[in-house]
Structure formats: C-alpha cells, structure tokens
Amino acid sequence: MPRRAGRRPPEGRSEVLAREAAACCLGATVEHCDDGTTDAMPDGLIRYEHDRTAALEVVGDHLPAYNASGPRCRSGGTDA
C-alpha cells in the first residue's frame, strides 16, 4: 500500500528499541527519520559528533534459518 504524503507511519516497538540501543551503544543522537513522505526512507538518522551522519534501518526476518543463526552470532561465530 503506497504511503500518503505528509502522513507519518506509526513507529513500531522494534524501531524505538533500535534507536535507543544505537544511541546508548554509540554515544550518538539517533532521530526518528521515516516521516512517510516517500518509500525507502531510513528508520533513523545517527548523528555523531563532528557532523558525521549515518542511516539506521531496522529489518526483521523471522524465517527459521535466520533465527537459528542467532546463537552462533551471539557466541562470536562459534557453535557454543
């Protein structure tokens, strides 16, 4: 369904948590960016000191193969 100009989509819990986690871990300001005016906008903008800016995009994949990779990623690449 296409977005309507000027209408901000509801921000989901995952986007809020991602912004808060990124701000805490990176020590940067993270702003909500996706205002619904166009497709493919980043969910947030990470504003570092010295005028550096990066995009934050929150994605989810709930396929069993993706979820199975979680324990491996959390263990630093080992199967422990």
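Please refer to the structure placed before this passage.
S.K.: Teacher, can you tell me more about the pairing of strand 3 (residues 53–56) here?
M.R.: Looking along a regular strand, one sees side chains alternate from face to face of the sheet. Looking at chain direction, strand 2 (residues 44–47) and strand 3 are connected through 4 bridges and run antiparallel. When the sheet's bridge partners are listed, Leu-45 is paired in strand 3 with Ala-55. Where strand 2 folds back onto strand 3 in an antiparallel hairpin, the turn is made up of 5 residues, including His-50, whose phi is positive at roughly 65 degrees.

S.K.: Sorry if this is basic, but what is going on with the sheet that holds strand 2 here?
M.R.: Two strands in a sheet stick together by hydrogen bonds in their backbones, pointing the same way (parallel) or opposite ways (antiparallel). Strand order across the open sheet formed by 3 strands is 1-2-3, with antiparallel pairing between neighbours. Among the strands making up the open sheet, the edge pair consists of strand 1 (29–32) and strand 3. Geometrically, the sheet is characterised by an average inter-axis angle of 25 degrees between neighbouring strands, direction not taken into account. As paired elements, strand 1 and strand 2 share 4 bridges and run antiparallel to each other. The residue bridging Val-30 from the neighbouring strand is Ile-46, located in strand 2. Relative to strand 1, helix 1 (residues 13–26) is tilted by about 165 degrees, and along the sheet it contacts strand 1, strand 2 and strand 3.

S.K.: Please clarify how the side chain of Asp-43 should be interpreted in this entry.
M.R.: Relative to the helices and strands, Asp-43 is located in the loop between strand 1 and strand 2. Residue Asp-43 is classed as buried on the basis of its relative accessible area of 9%. Non-local contacts of Asp-43, meaning those with residues more than four positions away in its chain, are made with Glu-15, Glu-31, His-32, Cys-33, Asp-34, Leu-56, Glu-57 and Val-58.

S.K.: Looking at this structure, I do not really get the pattern of salt bridges. What am I missing?
M.R.: Under the counting rule described, the total for this entry stands at 2 salt bridges. With a closest N to O distance of 2.8 Å, Arg-19 and Glu-11 form a salt bridge. For Arg-47, the salt bridge goes to Glu-31, with nearest N and O atoms at 3.1 Å. With Arg-47 in strand 2 and Glu-31 in strand 1, the pair connects residues that are 16 residues apart, well separated along the chain.

S.K.: Would you mind going over unusual backbone geometry with me for this structure?
M.R.: The bulk of non-glycine residues show a negative phi, and the bulk of peptide bonds are trans. A positive phi angle is found at His-50, which is not glycine, with a value near 65 degrees. For His-50, the location among the structural elements is in the loop between strand 2 and strand 3.

What counts and what doesn't
Residues numbered from 1 in each chain as written. Predicted model: local features only at pLDDT ≥ 70, side-chain atom pairs only at ≥ 80, totals over all residues. Heavy atoms only, no water. Pairing = 2+ DSSP bridges. Helix = DSSP H or I, 4+ residues; strand = E, 2+ residues; numbered from the N terminus. Axes fitted to C-alpha atoms, helices over the stretch in contact; angles between N-to-C directions. Contact = heavy atoms within 4.5 Å. Buried < 20%, exposed > 50% of the residue type's maximum accessible area, 1.4 Å probe, protein only. Salt bridge = Lys/Arg side-chain N within 4 Å of Asp/Glu carboxyl O.

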